[in-house]
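Residues per chain, in single letters:
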Amino acid sequence: MAEPKKSKNKYERIELDNDFDANNHYYPRVINATIHPLVLHFLNLGNKRIINRYCHLHPMVDPKHLAHILEYQPRWFAWAGADLFHVTTAEGTRRMVVIETNSCPSGQKSMPLIAESQEQNGYRLLLEKTAKVKINAKTNKEDGALAVIYDKNYMEASGYAQTLCDVMEEPVHLVSFYLNDPKQIVRFTDDGWMEVNTGDDAWVRVRAAFRYVTQKPWNRLPIASKTLIINPVLSCLAGGRNKLMAAKAYEIFNAEVEEMNLQIHTPETIRDVRKAEIPLWVERFGGNAVVKVPYGNAGQGVYTITNQGELDEFMAEDASYDQYIVQSLIGNYNWSSKTSAGQFYHVGTIANKKNQIYVADLRMMISAGTGGWEPLIIYGRKSHKPLVRNLQECRAPPPPAASLLFLCIACIVRFFFLAFFLFFFLSFFVLSPWFLSRVICLSLVHVAQPLFILFCTSSFYLLLVAKILFF
């Protein structure tokens, strides 16, 4: 009989006398890093100067329209992150493309300090400008406690808990809330209040919770509750973790702001695609495309298709969704998708000393405060491997025919090696006493020895060449 699954959930109570230790909430390389002056200047611009600069570069945009959008006060989706690619066409048309939006974005642990004197950095900016305002406006302290719930990224979740404790000047419950855990320590009452188990079956009501639950949060969190949740699961279903709804949201928004000469640029997206139709859309994009499941993030449920083998492998998998999303692939010019707007490919980094160019993306986090949407953090990331001109440079495992040919060559070389060794052995130890004189035998040995060494060396190089060619 299988042993029962052990619970991974844990509970912590963050007190006012706890200190915010930067070593626990930032990557080691970030602690002593210096923020780039250009990024620092942008974060200190303010919306008015950002609007002014944008409209200077895009004179067809009315500043009033852009200000109206940035001053929008969201009801549910008050904190968001996005991943951006800097792309171009062969004709030189450059743009920033939104790859993904996230309703529980990570990134605080990767952001250098904006001000040396404020080590809580983006943690405090988000909680002061967004969370504190909402908690004070929509809850009463006598209704319950404060909590931070999470299912990954403890480094940032604990950073939020400690900062929330400092900002609100009251203890905060830090509680894990994993998917399919046998012993949940977070529950919702029939009347819609969240409660957390502090130990010994003591349940505490929570009036407001900061959420870092990312793995299918709709399986554990209700759409509506009396406990204030930032962000609520509704933001995930509306597009924060639903790629299908996000694609529709971009399309609807772009239609609304088209007359304002504004647009959110995304890869060309075909939504509501049945699995049987995917090969047709991959062919439509020139044989290179990206297939995504409706739900998921952080690279989960994303399939890159660049050849028939990858397409066949995807089609052979069991279908877990009725509908998929097919998007244009952004890579090198030689293997990017061909779209109706052109063929966009990565601008990439400046070539290094080895003449290698890398893909780079931009992670940006924003939040909505009393003055509207404001940037919180910005940082770039570089791919681990360089961007290749042709995908053939990323050599794949050999096909079956090449493997068979290599084995045949190896067998032939071993056969001749064995035959030559037997001839050498028979000449010296067997044939010489009965058929050959001692002089003839020694002559054979002197002739055979260099030939034997030459044969072994050539056999080694032959195997090495076969290995390089077919592997």
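Predicted model only: the values in this text are computed from it and were never measured. (Residues numbered from 1 in each chain as written. Predicted model: local features only at pLDDT ≥ 70, side-chain atom pairs only at ≥ 80, totals over all residues. Heavy atoms only, no water.)

A. Up close: the environment of Arg75. Among the secondary structure elements, Arg75 is positioned in the loop between α5 (63-70) and β2 (79-88). Each C-alpha atom, one on Arg75 and one on Lys134, is 9.9 Å from the other, the two residues being 59 residues apart in sequence. Contacts of Arg75, omitting those with residues within four sequence positions, involve Lys134 and Lys138. (Helix = DSSP H or I, 4+ residues; strand = E, 2+ residues; numbered from the N terminus. Contact = heavy atoms within 4.5 Å.)

B. The arrangement of the packing of aromatic side chains in detail. Applying the stated criterion across every chain yields a total of twelve aromatic pairs. Measuring from ring centre to ring centre gives 6.3 Å for Phe20 and Tyr26, while their planes differ by 70°; the resulting arrangement is edge-to-face. With relative accessibility at 3%, the residue Tyr26 sits in the buried group. Relative to Tyr178, the ring of Tyr150 has its centre 6.5 Å away and its plane inclined at 80°; by these criteria the two rings are edge-to-face. Taken together, the positions of Tyr150 in strand β4 (residues 145-150) and Tyr178 in the loop between β5 (172-176) and β6 (186-188) put the pair 28 residues apart, joining distant regions of the chain. Like Tyr178, Tyr150 is buried. Ring pairs connect the aromatic residues Phe20, Tyr26, Trp79, Tyr123, Tyr160 and Phe210, which therefore count as one cluster. Positioned above the aromatic ring of Phe314 is the side chain of Lys275, whose terminal nitrogen or guanidinium carbon lies 5.3 Å from the ring centre. Above the ring of Tyr358, the side-chain terminus of Lys382 is found at 4.4 Å from the ring centroid. (Phe/Tyr/Trp six-rings, centres within 6.5 Å; stacked < 30°, edge-to-face > 60°. Buried < 20%, exposed > 50% of the residue type's maximum accessible area, 1.4 Å probe, protein only. Lys NZ or Arg CZ within 6 Å of the ring centre and 35° of its normal.)

C. Looking closely at the pattern of salt bridges. Under the definition given, this model contains 15 salt bridges. In this structure, Glu251 and Arg271 form a salt bridge, with 3.2 Å as the shortest nitrogen-oxygen distance. On the criterion of sequence distance, the pair formed by Glu251 in helix α9 (residues 243-257) and Arg271 in strand β10 (residues 269-273) is long-range, its members being 20 residues apart. In this structure, the salt-bridge partner of Asp361 is Arg381, at a minimum N-O distance of 2.6 Å. (Salt bridge = Lys/Arg side-chain N within 4 Å of Asp/Glu carboxyl O.)

D. Seen up close, the side chain of Glu170. Note that Glu170 resides in the loop between α7 (154-168) and β5. Residue classification places Glu170 among the buried residues on the basis of a relative accessible area of 8%. Side chain to side chain, Glu170 and Arg207 meet in a polar contact 2.8 Å long. Among residues more than four places away in sequence, those in contact with Glu170 are Leu16, Lys141, Leu146, Cys165 and Arg207. (Polar contact = N/O pair within 3.5 Å; in protein donor to acceptor, adjacent residues only side chain to side chain.)

E. Molecular detail of the environment of Val326. When you line up the elements, Val326 lands in strand β13 (residues 324-328). Residue classification places Val326 among the buried residues on the basis of a relative accessible area of 0%. In this structure, the C-alpha to C-alpha distance between Val326 and Ile278, residues 48 residues apart in sequence, is 7.3 Å. Excluding its chain neighbours within four sequence positions, the residues that come into contact with Val326 are Glu268, Thr269, Ile270, Val273, Ile278, Trp281, Phe285, Ala289, Val290 and Val291.

F. View of the side chain of Ser103. Turning to its location among the elements, Ser103 is positioned in the loop between β3 (94-102) and α6 (121-138). Judged by relative accessible area, which is 0%, Ser103 ranks as buried. When residues no more than four places from it in sequence are discounted, the contact partners of Ser103 are Phe77, Trp79, Arg211, Asn231, Ser235, Cys236, Gly240 and Arg241.

G. The arrangement of the state of the cysteines in detail. Throughout the structure, instances matching the rule amount to zero disulfides. Cys236 forms no disulfide, and the closest cysteine sulfur to it belongs to Cys104, at a distance of 5.4 Å. We classify Cys236 as buried; its relative accessible area is 0%. (Disulfide = S-S within 2.5 Å.)

H. Broad picture of empty space enclosed by the protein. Under the definition given, this model contains one cavity of 30 Å³ or more. In this structure, the largest cavity occupies an estimated 30 Å³ of space. Lining the largest cavity are Gly81, Ala82, Asp83, Glu100, Thr101, Asn102 and Arg363. Those elements that place two or more of their residues in the lining of the largest cavity are β2 and β3. Considered class by class, the residues forming the lining of the largest cavity number one nonpolar, three polar and three charged. (1 Å grid on protein atoms, 1.4 Å probe; cavity = no way out; pocket = protein on both sides within 12 Å on 5 of 7 lines; lining within 4 Å. Points joined across faces, edges and corners; volume = space filled by probe spheres on them. Nonpolar A, V, L, I, M, F, W, Y, C, P; charged D, E, K, R; others polar.)

I. Representation of the sheet that holds strand β11 (residues 289-292). Pairing within the open sheet is antiparallel, and its four strands lie in the order β10-β13-β11-β12. Edge strands, defined here as strands with exactly one partner in the open sheet, are β10 and β12 (302-305). Shown here is a sheet whose adjacent strand axes are inclined to one another by a mean of 20°, direction ignored. Relative to β12, β11 is paired through four bridges, and the arrangement is antiparallel. (Pairing = 2+ DSSP bridges. Axes fitted to C-alpha atoms, helices over the stretch in contact; angles between N-to-C directions.)

J. Just a negative patch on the surface, in detail. Side chains of Asp17, Asp19, Asp21 and Glu119 sit close together on the surface and give a patch of like negative charge. Along the chain, Asp17 falls in the loop between β1 (11-14) and α1 (22-25). (Patch = residues over 30% accessible without salt bridge, like charges linked within 9 Å, V, L, I, M, F, W, Y side chains within 5 Å. Areas by Shrake-Rupley, 256 points an atom, 1.4 Å probe, with all protein chains shown as cover. Lys, Arg positive; Asp, Glu negative; His and termini not counted. Charge placed at Lys NZ, Arg CZ, Asp CG, Glu CD.)

K. Structural context of α7. Here α7 spans 21 Å end to end across 15 residues, near enough to the 21 Å set by a 1.5 Å rise per residue. Counting buried residues along α7, twelve of its 15 residues qualify, which places the element largely inside the surrounding structure. Three or more residues of α7 are buried, namely Glu156, Ala157, Ser158, Gly159, Tyr160, Ala161, Gln162, Thr163, Leu164, Cys165, Val167 and Met168. (Expected span 1.5 Å × (residues − 1).)

L. Representation of the pairing of β3 within the structure. In the sheet, β2 pairs with β3 via eight bridges, with the strands oriented antiparallel. Counted as the bridge partner of Thr88 is Arg94 from β3. Connecting β2 to the antiparallel partner β3 that follows it, the hairpin turn spans five residues, and Gly92 within it adopts a positive phi of roughly 95°.

M. Geometry of the layout of surface pockets. The computed volume of the second largest pocket comes to approximately 700 Å³. As for the second largest pocket, its lining consists of 43 residues, and the residues nearest its centre are His265, Thr266, Pro267, Glu268 and Thr269. Among the secondary structure elements, those contributing two or more residues to the lining of the second largest pocket are β3, α8 (233-240), α9, β10 and β13. Element by element, the count of residues in the lining of the second largest pocket is highest for α9, at seven residues. When its residues are assigned to classes, the lining of the second largest pocket shows 16 nonpolar, 18 polar and nine charged.

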